[in-house]
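Coordinate inspection notes
Spelled out from the first residue to the last, the chains are:
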Amino acid sequence: MGRIPAAPPRTLHATGTQELRWAYLNQIPNCILKASTKRRGAQAERKLTRAEKMSHGSRAQRTEELMKDFLEKRDKGKLLIQRSRRLKQNLLRPLQLSVTEDGYIHYGDKVMLVNPDDPDTEADVFLHGDLSLCMTPDEIQSHLKDELEVPCGLSAVQAKTPIGRNTFIILSVHRDATGQVLRYGQDFCLGITGGFDNKMLYLSSDHRTLLKSSKRSWLQEVYLTDEVSHMNCWQAAFPDPQLRLEYEGFPVPANAKILINHCHTNRGLAAHRHLFLSTYFGKEAEVVAHTYLDSHRVEKPRNHWMLVTGNPRDASSSMLDLPKPPTEDTRAMEQAMGLDTQ
């Protein structure tokens with residue numbers, strides 16, 4: 001077999017072999033394809049190189065502008081991480097509760113609103129322990145503003161330490177009554193600063209509508225607002241309905257179970273231990289304004305609250321941190337009387 005010619009011959013002899021013909025016909029497209037591919041690659045490389053040279057200056061200028069903007073926001077404290085850090089520092093700032101000397105609640109006292117531990121047998125999954133009422137700002141809105149959003153949400157948290165987000169102030173509605181004893185049936189407001197020095201929000205509620213209700217249960221919403229109105233008024237009631245009228249006008253005791261009712265809607269403040277919210281600080285329980293009654297027309301434990309004051313032995317803690325006296329512990333009484341069978 002002879003050598004395959006580089007150029008096509010003018011005539012093909014009939015005596016040529018079949019292998020020569022196929023080799024010749026397959027060689028021409030491969031050569032053309034390789035040459036055209038090489039030319040297109042060289043052209044694309046030249047175009048890409050020119051584009052890179054043209055955009056190099058604009059990219060450098062854009063990077064410099066972004067760096068200047070970043071440094072300016074950092075100096076002014078407007079970066080998202082800086083705003084988030086300031087918000088957490090204020091909300092989680094340790095505060096001191098008021099220490100009661102006579103065992104009662106007074107106007108101007110700093111207290112914690114705590115739903116005492118009483119497991120709800122109707123729910124399979126619920127939060128145990130004492131739940132304190134806390135303000136819960138929206139995570140996205142808190143990053144866009146330097147101040148707390150209005151209205152601000154609420155939730156119930158397993159927290160016993162007084163901090164900025166769960167320390168409320170007992171305020172008078174009609175006149176300045178700072179230092180006077182709070183009594184059953186009197187109107188009062190619950191204000192909170194959230195750890196900020198020049199901010200005061202008030203616990204409020206209103207009738208539910210199709211566009212305004214709680215997130216999980218669709219009941220009457222409870223929120224914080226900076227507007228002073230009749231929506232901020234609350235009253236304390238005695239838990240036992242048979243003695244409620246007799247206790248009208250008596251001082252409200254500290255660290256004892258009471259009912260907190262909204263004056264405008266006549267709904268009781270309630271904590272839903274079985275309904276959880278995904279908040280800025282994790283999973284927390286929902287808080288609404290709704291009165292839950294059992295078969296005897298008595299408010300259920302989810303409507304029970306305590307106005308917890310400070311611990312006189314430790315200013316940074318509350319009365320919840322004190323151990324229960326032996327007279328309130330059934331097992332201790334049984335051991336003292338020799339009735340313990342274990």
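Residues numbered from 1 in each chain as written. Predicted model: local features only at pLDDT ≥ 70, side-chain atom pairs only at ≥ 80, totals over all residues. Heavy atoms only, no water.

Some words on the overall build of the chain
Looking only at helices and strands, the chain has four helices and twelve strands in total. Across the 342 residues in the chain, those meeting the buried criterion constitute 37%. When the accessible area of the chain is evaluated, it comes to approximately 21500 Å², of which 53% is carbon and sulfur surface. (Helix = DSSP H or I, 4+ residues; strand = E, 2+ residues; numbered from the N terminus. Buried < 20%, exposed > 50% of the residue type's maximum accessible area, 1.4 Å probe, protein only. Areas by Shrake-Rupley, 256 points an atom, 1.4 Å probe, with all protein chains shown as cover.)

What to know about the packing of aromatic side chains
How two aromatic rings sit relative to each other is given by the distance of their centres and the angle of their planes. In total, this model carries five aromatic pairs according to the counting rule given. With centroids separated by 6.1 Å and ring planes inclined at 85°, the aromatic side chains of Tyr-184 and Phe-238 adopt a geometry described as edge-to-face. Within this pair, whereas Tyr-184 is found in the loop between strand S4 (168-172) and strand S5 (188-192), its partner Phe-238 is found in the loop between strand S8 (234-237) and strand S9 (257-262), the two being separated by 54 residues in sequence. On the basis of relative accessibility, which here comes to 4%, the residue Tyr-184 falls in the buried class. (Phe/Tyr/Trp six-rings, centres within 6.5 Å; stacked < 30°, edge-to-face > 60°.)

Observations regarding the environment of Met-319
Within the secondary structure, Met-319 sits in the loop between strand S12 (304-308) and helix H4 (330-337). Spatially, the C-alpha atom of Met-319 lies 9.2 Å from that of Val-99, the residues being 220 residues apart in sequence. If we skip the residues at most four places from it in the chain, Met-319 touches Asn-255, Val-308, Thr-309, Gly-310, Asn-311 and Pro-312. (Contact = heavy atoms within 4.5 Å.)

Re the pairing of strand S6 (residues 201-205)
Each regular strand shows side chains that alternate between the opposite faces of the sheet. Of all five residues in S6, five are buried; the element is thus mostly enclosed. Here S6 shows two buried faces, one formed by Leu-201, Leu-203 and Ser-205 and the other by Tyr-202 and Ser-204. As paired strands, S5 and S6 are joined by two bridges and run antiparallel to one another. Each bridged residue has a counterpart across the sheet, and for Ile-192 the counterpart in S6 is Leu-201. Pairing geometry for S6 and strand S7 (residues 222-225), over four bridges, is antiparallel. (Pairing = 2+ DSSP bridges.)

Observations regarding unusual backbone geometry
The step from Val-150 to Pro-151 runs through a cis peptide bond, and the omega angle for that step is 0°. Relative to the assigned elements, Pro-151 resides in the loop between helix H3 (139-144) and strand S3 (153-157). At Asn-266, a position not held by glycine, the phi torsion is positive, near 55°. Position of Asn-266 relative to the elements: it lies in the loop between S9 and strand S10 (269-279).

With respect to the pairing of S5
Summarising burial for S5: five of the five residues are buried, a large majority. The alternating pattern of S5 places Phe-188, Leu-190 and Ile-192 on one face and Cys-189 and Gly-191 on the opposite face, and all of these are buried.

Considerations on the nonpolar core
Judged by nonpolar contacts, the single largest core of 43 residues is most densely connected at Leu-113, Leu-133, Met-135, Phe-188, Leu-224, Ile-260 and Leu-269. Among residues more than four places away in sequence, those in contact with Phe-188 are Tyr-107, Ile-170, Leu-171, Val-173, Leu-182, Asn-232, Cys-233, Trp-234, Gln-235, Ala-236 and Ile-260. Formed by five residues, the second largest nonpolar core is a distinct cluster that contains Leu-97, Met-112, Val-114 and Met-306. (Core = buried A, V, L, I, M, F, W, Y, C linked by side-chain atoms within 4.5 Å.)

So, the environment of His-262
Among the secondary structure elements, His-262 is positioned in strand S9. For His-262, a relative accessible area of 1% corresponds to the buried category. Residues His-262 and Val-222, 40 residues apart in the sequence, show an inter-C-alpha distance of 9.9 Å. Ignoring sequence-local partners within four residues, the contact set of His-262 consists of Ser-205, Asp-206, Gln-220, Met-231, Cys-233, Trp-234 and Arg-267. Polar contacts involving the side chain of His-262 include one to the main-chain carbonyl oxygen of Met-231, which spans 2.8 Å. (Polar contact = N/O pair within 3.5 Å; in protein donor to acceptor, adjacent residues only side chain to side chain.)

A few points about the side chain of Thr-279
Looking at where Thr-279 falls in the secondary structure, it is placed in strand S10. A polar contact is formed between the side chain of Thr-279 and the backbone oxygen of Gly-282, at a distance of 2.8 Å. Non-local contacts of Thr-279, meaning those with residues more than four positions away in its chain, are made with Thr-136 and Glu-284.

Let's talk about the confidence of the model for the chain
In regions of low pLDDT, the predicted coordinates are not meant to be interpreted in detail. The predicted model of the chain averages 81 in pLDDT, with 75% of residues at 70 or higher. Ignoring residues within four places in sequence, the model shows residues 10-16, a span with pLDDT below 50, making three contacts including any to other chains. (pLDDT = per-residue confidence, 0-100.)

Some remarks on the environment of Glu-101
Its place among the elements puts Glu-101 in the loop between helix H2 (80-91) and strand S1 (110-115). In this structure Glu-101 comes out as exposed when scored by relative accessible area, which is 83%. For the pair Glu-101 and Pro-312, spaced 211 residues apart in the sequence, the C-alpha separation amounts to 9.2 Å.

Considering a nonpolar patch on the surface
Taken together, Met-67, Phe-70 and Leu-71 make up a surface patch of nonpolar side chains, about 260 Å² in accessible area. Assignment of secondary structure puts Leu-71 in helix H1 (residues 18-76). (Patch = residues over 30% accessible without salt bridge, like charges linked within 9 Å, V, L, I, M, F, W, Y side chains within 5 Å. Salt bridge = Lys/Arg side-chain N within 4 Å of Asp/Glu carboxyl O.)

Quick look at the pattern of salt bridges
For the coordinates displayed, the defined rule picks out five salt bridges. Residue Glu-284 pairs with Arg-165 through a salt bridge whose shortest N-O separation is 3.2 Å. In this pair, Glu-284 sits in strand S11 (residues 282-289) while Arg-165 sits in the loop between S3 and S4, placing the two residues 119 residues apart along the sequence. Like Arg-165, Glu-284 is buried. With a shortest N-O distance of 3.0 Å, Arg-244 and Glu-299 are connected by a salt bridge. With Arg-244 in the loop between S8 and S9 and Glu-299 in the loop between S11 and S12, this residue pair connects regions lying 55 residues apart in the sequence. A relative accessible area of 12% means that Glu-299 is categorised as buried.

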